[in-house]
Amino acid sequence: MRIFNRDLRLQDVTLLYFTALAALMVILVASYQAPMHAVDVSKLVPSGPLPPLPMPFRVPLDPRGELYLAWNISYANQEIYMELRVADLKQGVLLGMSDQGELTNADLVVLWNTGTRSYFGDAWSDAEGRVSLDSQQDYELIQAKQKPDGYYLLFKRPFSTCDPKDYLIEEGTVHIIYGFLDGPLSTLGQLNLSRIHTGVQRVLMLRPDTPLPALPSDVQTLEVRAPNVVIPSQETTYWCFIQMLPDNMPKNHIIMYESVITPGNEAIVHHIEVFQCSPDVQTVPQYSGSCDDKMKPSKLNFCRHVLAAWAMGAEGFYYPSDAGLPMGGPGSSRYLRLEVHYHNPLLISGRQDSSGIRLHYTPSLRRYDAAIMELGLVYTPIMAAPPKQRAFHLSGYCTSKCTQTALPPGGIYIFASQLHTHLAGRGVRTVLVRGGKEREVVQEDQHFSAHYQPIRVLRKAVHVLPGDVLITKCTYNTEDRSKPTVGGFGIMEEMCVNYVHYYPQTMLELCKTHVDMAHLQKFFSAMNRFHGSDPCVCGEVGVTEQYSQVRWDPFAVQVLNSLYNTAPISMHCNQSDARAFPGDWDDQPLPLVSSTLDKARYPCEAAGPPSGPTPTPHA
């Protein structure tokens, strides 16, 4: 068989050579073309002069301050504008969002350099952290510009894109992940998030668009701080300290408060509360020590009226212009109780702390006296989450009987709230129920983190009437735990709380529940009989021990969940002196909910594209 034709001319060989060379050049050029869908930053041409676009919200992302994120919100158009500033841009940067700050299955926007050009694109990471460009590009790059203080990227995206690879931006905590690229990438597929420097920051991205109010000229301050406490070398400590108000202090309104954290203790001070004692208690002994000390003065138990509450991640809190929290004056106790929760898992010894809360108050009284009320579950081991659960739900109730008893005829207005759980908490939701129907969500965070618990100002005050029900539902993840997680004060125990800020003030300080103990004992007995164990010791040991003796198979989990959703409850409808309102509060029926709220639809979920002009983002 002949491979070459003897008669092949030099001209033909030359033609074949140059044809093959041209084909190779086409292949090489094609391989270096811009990635599909990505934006070539060097060719970005603004459609016109940019309108003034204020960025009222901003946060540093990394500890060194090299990366800053600022943003603005268009609620009318369901869009968010973001501006990322990189102090010293090298090979590229990425910004992303994920459920709890994971690097896997994250929604990303990436600026990367191929060695010759820079590209911007919407991307995502898979279960291994490998990055791919998204076929649906929902981040729109508006401007990329080098300025004296850094490189700026301005872009926008809808709250919801209906892309399963994209994160849904909604009310509550958003876990921001960021990373710096340390080398050029010929393709984005070379990037794996586990191999670069990354970090996590938590923010409330969707916020009310009202500016912070200015403090009046007659404002004064009072600091309620721990007296140079030596933090105990144990994981969980609740420290109590009694402080007195100035003599003959007239009635004032607290209009703003903020935390004062001792530098270096930011990771140990978990949360702080300031309580005012009951005016019925004439004197309260001086005390500085553990809140759990059996030798502490018993009168501390009558100091339960909340003046301020702060937790990790909370910023300064401002009251609305027509309300303030009363402090001082006739019928008001001079005694305050500071309670600081120290979380010291490394058992650090010798660390001193003077953290507390700074109260800003004015003698110019406002129209309404405001107050704080606790909703959710009572701090008790009676309520527990089984081990190895991806999502286990517990609910606490403020029943219609309690609101009918304790609220004024015109009701109250909730204008802010602070959600609180410990480490297993993943979601918290408080909803208003009227006439058996869910009417309004007070607050919701389905990406909740115990490391970020700010006070959230509502975009619209929620009106609660006598006879209404408030249900607070918490979601826990116990996949990494081998034993049940019971309710309590320890960081490895759990809480489910919503501190709601409202006006006008009432005597209702705490509106919380737990499952009826007699029905819980029936659960323990039934589980013991079902598994054919030794005779039940129910009632002979504590609730925590009884939970630990249960064989937690799927059937036991299902039965406990059914118990919590059907069994009667014990209601704590308490006044600020820790005494219950008159009435029978044990063995109460669960509130009935016949209909629930539909989830809001976004423009991409509608039958067609939204009509009308594009709104301007709020200032």
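Residues numbered from 1 in each chain as written. Predicted model: local features only at pLDDT ≥ 70, side-chain atom pairs only at ≥ 80, totals over all residues. Heavy atoms only, no water.

1. Here we look at the sheet that holds strand 30 (residues 425-434)
- Across the sheet, which stays open at both edges, the four strands sit in the order 28-33-30-31 with antiparallel pairing between neighbours. Among the strands making up the open sheet, the edge pair consists of strand 28 (392-398) and strand 31 (437-445). Averaged over all pairs of adjacent strands, the angle between strand axes in this sheet comes to 20 degrees, irrespective of strand direction.
- Here strand 30 pairs with strand 31 via seven bridges, running antiparallel. By the bridge assignment for strand 31, Val428 is matched with Asp445. (Pairing = 2+ DSSP bridges. Helix = DSSP H or I, 4+ residues; strand = E, 2+ residues; numbered from the N terminus. Axes fitted to C-alpha atoms, helices over the stretch in contact; angles between N-to-C directions.)

2. Quick word on the sheet that holds strand 2 (residues 57-60)
- Spatial ordering of the open sheet is given by 2-3-4-10-9, a layout of five strands whose pairing is antiparallel. Edge positions in the open sheet fall to strand 2 and strand 9 (140-147), since each of these has one partner strand only. Taking the axes of each pair of neighbouring strands and ignoring which way they run, one obtains an average angle of 15 degrees across the sheet.
- Where strand 4 (residues 79-86) meets strand 10 (residues 150-158), eight bridges bridge the pair, whose relative direction is antiparallel. When the sheet's bridge partners are listed, Arg85 is paired in strand 10 with Tyr152.

3. Here's the deal with the packing of aromatic side chains
- Throughout the structure, instances matching the rule amount to 21 aromatic pairs.
- Here the aromatic rings of Tyr257 and Phe317 are separated by 5.6 Å at their centres, their planes lie at 55 degrees, and the arrangement is tilted. Linking Tyr257 in strand 16 (residues 252-260) with Phe317 in strand 20 (residues 317-318), this pair joins segments that are 60 residues apart in sequence.
- Residue class for Tyr257 comes out buried when judged on its relative accessible area of 2%.
- Ring geometry for Tyr368 against Tyr503: centres 4.7 Å apart, planes inclined by 25 degrees, an arrangement best described as stacked. In this pair, Tyr368 sits in strand 25 (residues 368-369) while Tyr503 sits in strand 35 (residues 497-503), placing the two residues 135 residues apart along the sequence.
- We classify Tyr503 as buried; its relative accessible area is 12%.
- Put simply, the rings of Tyr257, Phe317, Tyr319, Tyr368, Tyr413, Phe415 and Tyr503 touch in pairs and so form one group of aromatic residues.
- Across from the ring centre of Trp585, 5.1 Å away, lies the NZ or CZ of Lys401, which sits over that ring.
- Directly above the aromatic system of Tyr75 lies the positively charged group of Arg459, at a separation of 3.9 Å from the ring centroid. (Phe/Tyr/Trp six-rings, centres within 6.5 Å; stacked < 30°, edge-to-face > 60°. Buried < 20%, exposed > 50% of the residue type's maximum accessible area, 1.4 Å probe, protein only. Lys NZ or Arg CZ within 6 Å of the ring centre and 35° of its normal.)

4. Concerning the state of the cysteines
- Overall, the coordinates contain five disulfides when judged by the stated rule.
- A disulfide bridge connects Cys240 with Cys291, and the sulfur atoms are separated by 2.0 Å. Measuring the twist about the S-S bond at about 110 degrees, one finds the Cys240-Cys291 disulfide to be right-handed. One end of the pair, Cys240, is in strand 15 (residues 236-244); the other, Cys291, is in the loop between strand 18 (288-290) and strand 19 (305-311), and 51 residues separate them in sequence.
- Residue class for Cys240 comes out buried when judged on its relative accessible area of 2%.
- Of the residues examined, Cys291 reaches a relative accessible area of 10% and is grouped as buried.
- Between the sulfur atoms of Cys277 and its disulfide partner Cys303 the distance amounts to 2.0 Å. Judged by the sign of its S-S torsion, about 90 degrees, the cystine formed by Cys277 and Cys303 is right-handed. Within this pair, whereas Cys277 is found in the loop between strand 17 (269-276) and strand 18, its partner Cys303 is found in the loop between strand 18 and strand 19, the two being separated by 26 residues in sequence. (Disulfide = S-S within 2.5 Å.)

5. Structural notes on the packing of helix 3 (residues 517-530) against helix 5 (residues 554-566)
- One way to put it is that helix 3 packs onto helix 5 with a least axis distance of 11 Å and a crossing angle of 160 degrees. Considering their axes alone, helix 3 and helix 5 lie roughly antiparallel with respect to each other. Between helix 3 and helix 5 the crossing geometry is right-handed. Facing helix 3, whose interface residues are His519, Leu520, Phe523, Met527 and Phe530, helix 5 presents Phe555, Ala556, Val559, Leu560 and Leu563.
- Among the residues forming the contact of helix 3 with helix 5, the class breakdown is nine nonpolar, one polar and no charged. (Parallel < 35°, antiparallel > 145°, perpendicular 65-115°, else oblique. Left-handed = near helix turned anticlockwise from the far one by under 90°. Contact = heavy atoms within 4.5 Å. Nonpolar A, V, L, I, M, F, W, Y, C, P; charged D, E, K, R; others polar.)

6. Points about the layout of surface pockets
- Here the second largest pocket defines a volume of roughly 580 Å³.
- As for the second largest pocket, its lining consists of 26 residues, of which Arg304, Arg337, Glu339, Tyr379 and Phe489 are closest to the centre.
- Counting residues per element, the ones that place at least two in the lining of the second largest pocket are strand 15, strand 17, strand 22 (335-343), strand 36 (508-515) and strand 37 (569-575).
- Looking at the lining of the second largest pocket residue by residue, the classes come out as twelve nonpolar, five polar and nine charged. (1 Å grid on protein atoms, 1.4 Å probe; cavity = no way out; pocket = protein on both sides within 12 Å on 5 of 7 lines; lining within 4 Å. Points joined across faces, edges and corners; volume = space filled by probe spheres on them.)

7. Describing the side chain of Thr237
- Relative to the helices and strands, Thr237 resides in strand 15.
- At a separation of 3.0 Å, a polar atom in the side chain of Thr237 contacts the side chain of Gln234.
- Excluding anything up to four places from it in sequence, Thr237 contacts Pro232, Val340, His341 and Tyr342. (Polar contact = N/O pair within 3.5 Å; in protein donor to acceptor, adjacent residues only side chain to side chain.)

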